[in-house]
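One-letter residues, chain by chain:
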Amino acid sequence: MSDTTLARPPVSIALVGNPNCGKTALFNQLTGSRQKVANYAGVTVERKEGRLVLPSGRKVRVLDLPGAYSLNATSPDEAVTRDVCLGQHPDETQPDLLLCVADATNLRLHLRFVLELKRLGRPMVLALNMVDAAKRRGILIDRDKLEQELGFPVVETVAIRRQGAAALINVLDEHRLAVPAAPTTGADLHAEARRLIASAVTMPQPTSPIDEAIDRWVLHPVWGLLILAATMLLVFQAVYAWGEPIKGIIDAAIQWLGAEVTALLPAGILRSLLVEGVIAGVGGVLVFLPQILILFFFILVLEESGYLPRAAFLLDRFMVGAGLSGRAFIPLLSSFACAVPGIMATRSIPDPRDRLLTILVAPLMTCSARLPVYALLIGAFIPDRAVFGVFNLQGLTLFALYAAGIVSALIVALVARYIGKQASEQALLLEIPAWRVPNPRDVFLGLRERAGIFLRRVGTIILALSVLLWFLSSFPTPPADWSRPAIEYSFAGHIGRGLAMLFEPIGFNWQICVALIPGLAAREVAISGLASVYAISAGDGTEQVLATTLASSWSLATALSLLAWYVFAPQCLSTIAVIRRESGSLKITLFSVVLLAFMAYAAAFAAYHLTGALQ
Amino acid sequence: MGLLSELPPGASGRIVDITAQSASDPIAERLHDLGFVAGEPVKLVSYGPFGADPLLVQIGFTRFALRRSEAARIVVNTEEAAHV
Ligand SMILES: Nc1nc2c(ncn2[C@@H]2O[C@H](COP(=O)(O)OP(=O)(O)O)[C@@H](O)[C@H]2O)c(=O)[nH]1
C-alpha cells in the first residue's frame, strides 16, 4: 500500500465481524435507510451498501460484509468477505478502513478474528458492540488497555440503542488512516486472544444464567419440540388468519381498479391489455404480498431473537436423515405458504450444496396458490362421503396431495444425497447465539428490503410475462362470426391444441392445455383460464357453474391426473424466476424445471391410467 | 482421555487435540478457527432430540451445535475437569 492513502480521512468503510455480532444492527444504525441491497455477480451472496453522513458533513460509503468466522473461508459468503478484505474481489475496491465489530459478551471467539484481520496490515477500528449486555452480565472490559494492546481505536457501541453509535461516528469523523503497529505474523491467534482477554477483560461467568434457563426448555428433547410445533402453528395461523383478510382487501382493490379502468376506457386492445393483462396479471401475484410480509416478519423476529439456529439444532438429525440440513426446515415450511419467500429464505443456509437442494425441493411443498385449484377439482369430482366413519374422502384427498409433495421432496433429497455421496462431508458447526430481544427498527428495515425485492420482481419480470400471456390469449382476435370462446382462436388456443397431443397420454383435453397457459402467471389463474375456455362468464357463482361443467365434461381419471400434475408441475413463473435469481445459475433453473415437469408428467400418467384401470 | 462425542451430557473437560481426518480436513480447520484448540475447557451441555444428535457444546463464552461426527474429532481430557 502506498503512503498516499494514509493520513487522510477514509471514504469507504467495510463492516466485518463474526455472525451474530450485531453487524446488521450497527449497519442500520450508521446508514439508516440510505441502503442499497444487491447481489454479488455470479454468487447468491447479498451485497449491502449504505452512506454515512458524518457530523462534519463528509460522506462515507459503508459496505456491510457477510459475517465470517475466519478468512479461511468455508462458504461463498465468507469468500466474499475474505476477498474484499484482501483487496482481491473483482468488483469491489479495497475499503480504506476495516470497521471490525465484536460482541463484547463473546470476545474469546470474536477477538481471534479481529487479530486475524489485524494481520492484513490495513487501517482498522474496532467497535466493541453489545456493551449493554456485557455490563448486565458483569463483564468488565478495559477499553484503554485493549486499544493500547491492539494499536488501533476501540470504541464501545450499543447498536440497538438510539445514539448507541454516536461515539463511533465521532471517532470515524476524526479518523485519519493509519496502519496498526507492525502485524505480528506467526504468533498463535488463539494464544494472543487469550492473552488480551486475560489482561483487559474480567468475566464472572461464561454464559448468562437467563439464557441457560431458557435453553433448558427450548432445547429440551420433548418440550423443545412442542415449543417448536407451537411456534410454527402460530406462524401458519398468522399467515392465514391475518394474511387472508388483507389479501381479500388487495384483491377487492385490484378488481375495483379493473372495473374503473373498464368503465373509463372504450372497449379495445388498450383496455384489454390494461385490465386483463397488466392489472389481472400483476394483481394476481401482488395479492401474495401481505402473506409474504407476515411470514418474513416472523422469520426475521425468530432469526434476530436467536431461535432459528435452535430450531435447526432440534431438527438437524431428522432433516439429515432426509438428505437435507436442519437449517432447511424454515425455508421448506415457508414454502407451504409460497415457494417464492421460501426460496428467498434459503439464504440462511450457508452450505451451497444444502442450499441448492433445498431450493430444488421447495416447489414440491404445496403452496397456497394450489389450494383454489385443488378445492375446485376435489369439490367437482370427489364425493363428499365419510371414510371409516371419521374421515372425509374430500379431506383425505387434500391430505394425500400435500403428502405426495412432501414424500416426493424426501425422495428427491435422498436420491440427490445418494448421487452426491462422494462429495465431502457437510458440516453443521452451528453457533447457538445468546437470546436477544429483536429490535423493531432492524425488523422493519429487513421487511422493507424483502418487500422491495418482491415488488421489483412483480414490476419487472411478472409484468412482462403477464403482458406476454395476455397477448397470447387475446390474439389474433376471432372473426365476427366466431361463435366459440375467443381464446380458442388465439395463439394460446393454438398452442393449447398443439400441446394437447403431448398431454393426451395423461388424459388432458385441449381445454385444459389452453387454461394451463395463462395459469403460468400464477397457478390459480388456471381457474379463470378454464372458465374462459368453457365460456362461463364472470360473475357470482362462477366457481359453482364451472365445477358442474367440469364434472359433466371430464372423466374422473382426467381430474385426478390434473390434480397429480398440479402437485409437481413447474407451473408458476415467479417460482422459476426466483430459482433463477437465488441459484444464480441458468443450468440449475433448467434442471429444476425439467425435473418438476418430468415428475408431474409421470405422476399424472400414473394417476390417469391407474384410475382408468380401476374403474 | 476420550472423545467429546462420547461424553455424557453435563460432563466437561479440557481439549487435548483435534484429529484431522485427512491432510486437509476443512472441518478440523474450522473447529480450530472456532476456538477448539488444545488447552481450552469444553462442556457437553446436551443432545438433540433425534438419535442424541447434534451435540450442544460450550466452549469459552460460546455454544455450538456439533454433529456427532464433528465432535468425534475432538479429543478431551476429562480428568482435568475444568470449570466451564
Ligand atoms: N443488547 C444488545 N443487542 C444487540 C446489540 N446489537 C445487536 N443486538 C441484537 O443482537 C442480535 C443479532 O444482531 P444482528 O445485527 O442481526 O447480528 P449480525 O448477525 O451480526 O448481523 C439482534 O437481535 C440484535 O437486535 C447491542 O449493542 N446490544
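Residues numbered from 1 in each chain as written. Chains lettered and ligands numbered in written order. Predicted model: local features only at pLDDT ≥ 70, side-chain atom pairs only at ≥ 80, totals over all residues. Heavy atoms only, no water.

**Q** Even after reading the chapter, I still don't get the environment of N28 of chain A, so can you show me in this structure?
**A** Residues and elements named next belong to chain A. Tracing the backbone through its elements, the reader meets N28 in helix α1 (residues 23-31). Residue class for N28 comes out buried when judged on its relative accessible area of 3%. Those residues in contact with N28, other than ones at most four positions away along the chain, are Q35, R441, D442 and L445. (Helix = DSSP H or I, 4+ residues; strand = E, 2+ residues; numbered from the N terminus. Buried < 20%, exposed > 50% of the residue type's maximum accessible area, 1.4 Å probe, protein only. Contact = heavy atoms within 4.5 Å.)

**Q** Just to check I follow, could you spell out the confidence of the model for chain A for this structure?
**A** Low-pLDDT stretches of the model should not have their predicted coordinates read in fine detail. This prediction gives chain A a mean pLDDT of 85; 93% of its residues lie at or above 70. Mean pLDDT values over the elements of chain A span from 73, in strand β2 (residues 35-39) of chain A, up to 97, in strand β8 (residues 154-156) of chain A. (pLDDT = per-residue confidence, 0-100.)

**Q** Teacher, can you tell me more about the site of the ligand here?
**A** Residue and element names in this part refer to chain A. Taken together, 16 residues are adjacent to the ligand, and K23, T24, A25, D132 and E304 come closest. A distance of 2.3 Å separates an oxygen atom of the ligand from a polar side-chain atom of T24. The contact in question runs from an oxygen atom of the ligand to an N or O atom on the side chain of N129, over 3.0 Å. Protein contact buries 90% of the 580 Å² of open area that the ligand shows by itself. Tallying contributions element by element places α1 first for the shell around the ligand, with 3 residues. (Near = heavy atom within 4 Å. Polar contact = N/O pair within 3.5 Å; in protein donor to acceptor, adjacent residues only side chain to side chain. Areas by Shrake-Rupley, 256 points an atom, 1.4 Å probe, with all protein chains shown as cover.)

**Q** How should the interface of chain B and chain A be read in this particular structure?
**A** Interface extent is often summarised as the accessible area lost during association of the parts. With 35 residues of chain B in contact, the opposing surface of chain A contributes 38 residues. Both faces combined, the contact of chain B with chain A buries some 3,300 Å², and carbon together with sulfur accounts for 60% of it. Considering only the side of chain B, the residues that lose the most area to chain A are R30, F61 and R67 of chain B, jointly responsible for 25% of the buried surface there. The interface formed by chain B and chain A includes 8 salt bridges. Where D53 of chain B meets R317 of chain A, a salt bridge forms, and the shortest distance between an N and an O atom there is 3.9 Å. (Buried area = accessible area lost by both parts, 1.4 Å probe. Salt bridge = Lys/Arg side-chain N within 4 Å of Asp/Glu carboxyl O.)

**Q** How should I be thinking about helix α2 (residues 76-86) of chain A in this particular structure?
**A** Helical periodicity: at 3.6 residues per turn, an α-helix aligns residues three or four positions apart in one direction. Looking at α2 of chain A, one finds that the buried residues are E78, A79, V80, T81, D83, V84 and C85 of chain A. One or two steps after α2 of chain A, the chain reaches G87 of chain A, where phi turns positive at roughly 75°.

**Q** Would you take a moment to explain the packing of aromatic side chains for this structure?
**A** Within a pair of aromatic rings, the relevant descriptors are the distance that separates the centres and the angle that separates the planes. Evaluation of the coordinates by the stated rule reveals 12 aromatic pairs over all chains. Arranged with centres 5.6 Å apart and planes meeting at 35°, the rings of F318 of chain A and F50 of chain B form a pair that is tilted. Highlighted residues: F318 of chain A in helix α13 (residues 307-321) and F50 of chain B in strand β3 (residues 41-50), drawn from two different chains. On the accessibility criterion, F50 of chain B (28% relative accessible area) is partly exposed. Ring centres 5.2 Å apart and planes at 85° place the aromatic pair F503 of chain A and W565 of chain A in the edge-to-face group. Here W565 of chain A lies in helix α24 (residues 556-568) and F503 of chain A lies in helix α20 (residues 491-503), a separation of 62 residues in the sequence. Overall, F503 of chain A belongs to the buried group, its relative accessible area being 8%. What makes W565 of chain A buried here is its relative accessible area of 9%. (Phe/Tyr/Trp six-rings, centres within 6.5 Å; stacked < 30°, edge-to-face > 60°.)

**Q** Looking at this structure, how should I read the sheet that holds strand β12 (residues 430-432) of chain A?
**A** If you trace the 7 strands from one edge of the open sheet to the other, you get β12(A)-β5(B)-β4(B)-β3(B)-β2(B)-β6(B)-β1(B), paired in antiparallel fashion. Edge positions in the sheet fall to β12 of chain A together with β1 (2-3) of chain B, since each has one partner strand and no second. Alignment of strand β2 (residues 12-18) of chain B against β3 of chain B, held across 3 bridges, turns out to be antiparallel. Bridge pairing links S12 of chain B to K43 of chain B in β3 of chain B. (Pairing = 2+ DSSP bridges.)

**Q** Could you clarify how one ought to interpret a nonpolar patch on the surface in this entry?
**A** Residues and elements named next belong to chain A. Where nonpolar side chains cluster on the molecular surface, the patch consists of W217, V222, W223, L226 and I227 and spans about 510 Å² of accessible area. Among the elements that take part in the nonpolar patch, helix α9 (residues 223-241) stands out by supplying 3 residues, more than any other. Residue position: W217 is located in helix α8 (residues 209-218). Since its relative accessible area comes to 51%, W217 is described here as exposed. (Patch = residues over 30% accessible without salt bridge, like charges linked within 9 Å, V, L, I, M, F, W, Y side chains within 5 Å.)

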